[in-house]
Amino acid sequence: MPTDRPARRIVTVGFKGNFGDDLTERLLGELFGIECQHVPEVERGIESWVVVGSILSLANQHSNVLGAGFMLAEPCLYVDRKPKRIVSVRGNLSRAVLEGNGIACPKVYGDLGLFVRYLGCTRQFVVPKYKLGLTPHYVEKDHPLVSLFGKMDGVKVIDIQAGIDQVIADIQ
């Protein structure tokens, strides 16, 4: 839903080539007209946004959190600095980690990755090709269970490292 207004620019925490970080750039750009500049970690004094993926542990006092989450649910290992603002987190486990570290967090949940279906989309109804789409984390994509599911009728295993355009096409 880009507009004729000039693009708003923000700094996002992430790494080029990481699906979640590349998806952040694509989502914010295509859907909201926001231009992103990735930095590998939050630099001192620079306001940034922590958005898609398991990157909430990178947040600090200059970070705004929008839908990010934690990789694991073990409190006190991740957050030692309170983010500037928390708009939403990925789910209740991420909220529990924050709250367990004494950081207030609203009960607003949702990974912005859920909006991937709106990218490059004509918004026409598409008949699903598969009953189940399985997107394993890259460290688990060679797990025997993933291979087993991939051999089942009606299951599509989506390779998160296939490149953002291919992943989006596989999801849609």
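Use the structure listed above.
These numbers were taken from a predicted model, which means no experiment stands behind them.

## Let's talk about helix α2 (residues 92-100)
So, point 1. Burial in α2 covers these residues: Ser-94, Arg-95, Val-97 and Leu-98. Down the axis of α2, the buried set is contained in an arc of 155°. They therefore lie on one face. Turned more than 90 degrees away from the buried face of α2, the exposed residues are Asn-92, Leu-93 and Gly-100.
So, point 2. Against β4 (63-68) and β5 (85-89) lie the buried residues of α2.
So, point 3. Directly beyond the C-terminal end of α2, a positive phi value near 75° is found at Gly-102.

## Observations regarding the layout of surface pockets
So, point 1. Its volume calculated, the largest pocket comes out at about 920 Å³.
So, point 2. Around the largest pocket, the lining is made up of 28 residues, and of these Phe-19, Gly-20, Gly-53, His-137 and Ile-160 lie nearest the centre.
So, point 3. Here the lining of the largest pocket takes five residues from helix α1 (residues 19-32), the largest share from any one element.
So, point 4. The class makeup of the residues in the lining of the largest pocket is 14 nonpolar, ten polar and four charged.

## Concerning the environment of Pro-106
So, point 1. Summarising the element assignment, Pro-106 is placed in the loop between α2 and β6 (132-134).
So, point 2. Along the chain, Pro-106 and Arg-95 lie eleven residues apart, while their C-alpha atoms are 7.9 Å from each other.
So, point 3. The contacts of Pro-106, once residues within four sequence positions are left out, are Ile-86, Val-87 and Arg-95.

## Some details on a nonpolar patch on the surface
So, point 1. On the surface, Leu-132, Leu-145, Leu-148, Phe-149 and Met-152 cluster together into a nonpolar patch covering about 450 Å² of accessible area.
So, point 2. Residue contributions to the nonpolar patch peak at three residues, all from helix α3 (residues 144-150).
So, point 3. Structurally, the position occupied by Met-152 is in the loop between α3 and β7 (155-157).

## What about the pattern of salt bridges?
So, point 1. The full count for this structure, using the stated rule, is five salt bridges.
So, point 2. For the salt bridge of Arg-26 with Glu-30, the shortest nitrogen-to-oxygen distance reads 3.7 Å. Placement of the pair is Arg-26 and Glu-30 together in helix α1, with a separation of four residues, close to one helical turn.
So, point 3. On the basis of relative accessibility, which here comes to 32%, the residue Glu-30 falls in the partly exposed class.
So, point 4. With a closest N to O distance of 3.3 Å, Lys-84 and Glu-47 form a salt bridge. Taken together, the residues Lys-84 in the loop between β4 and β5 and Glu-47 in the loop between β2 (34-39) and β3 (48-50) connect sequence positions 37 residues apart.

Thresholds, definitions, all that
Within each chain, residue numbers correspond to sequence positions counted from 1 in written order. Confidence filtering applies because this is a predicted model: local features only for residues at pLDDT of at least 70, side-chain atom pairs given and counted only at 80 or more, and all residues used for totals across whole chains, interfaces and linings. Side-chain figures throughout are based on the complete set of non-hydrogen atoms in the structure, without hydrogens or water. Relative accessible area decides the class of each residue, using a 1.4 Å probe on protein chains only: under 20% of the type maximum gives buried, over 50% gives exposed, and in between gives partly exposed. Secondary structure elements are defined from DSSP: runs of H or I of at least 4 residues count as helices, runs of E of at least 2 residues count as strands, and each element is numbered from the N terminus. Taken from the helix axis, the directions to the C-beta atoms give the arc we talk about. Any two residues whose heavy atoms approach within 4.5 Å are treated as being in contact. A pocket here means an open set of points on a 1 Å grid, computed over the protein atoms alone, that has protein on both sides within 12 Å along at least five of seven lines. A cavity is instead a set of points where a 1.4 Å probe fits but cannot get out; residues with an atom within 4 Å of a point line either one. Grid points are joined across faces, edges and corners, and a volume is the space filled by probe spheres set on the points. Gly is put with the polar residues, along with every residue not named as nonpolar or charged; the nonpolar set is Ala, Val, Leu, Ile, Met, Phe, Trp, Tyr, Cys and Pro, and the charged set is Asp, Glu, Lys and Arg. Candidates for patches are residues over 30% relative accessible area with no salt bridge; among them, like charges are joined within 9 Å and nonpolar side chains (Val, Leu, Ile, Met, Phe, Trp, Tyr) within 5 Å. Calculation of accessible area relied on Shrake-Rupley with a 1.4 Å probe; when residues are assessed, cover is drawn exclusively from the protein chains displayed. Salt bridges, as used here, are contacts in which a Lys or Arg side-chain nitrogen is within 4 Å of a carboxyl oxygen on Asp or Glu.

It is worth stressing that arrangement in space is one thing and function is another; only the former is reported here.
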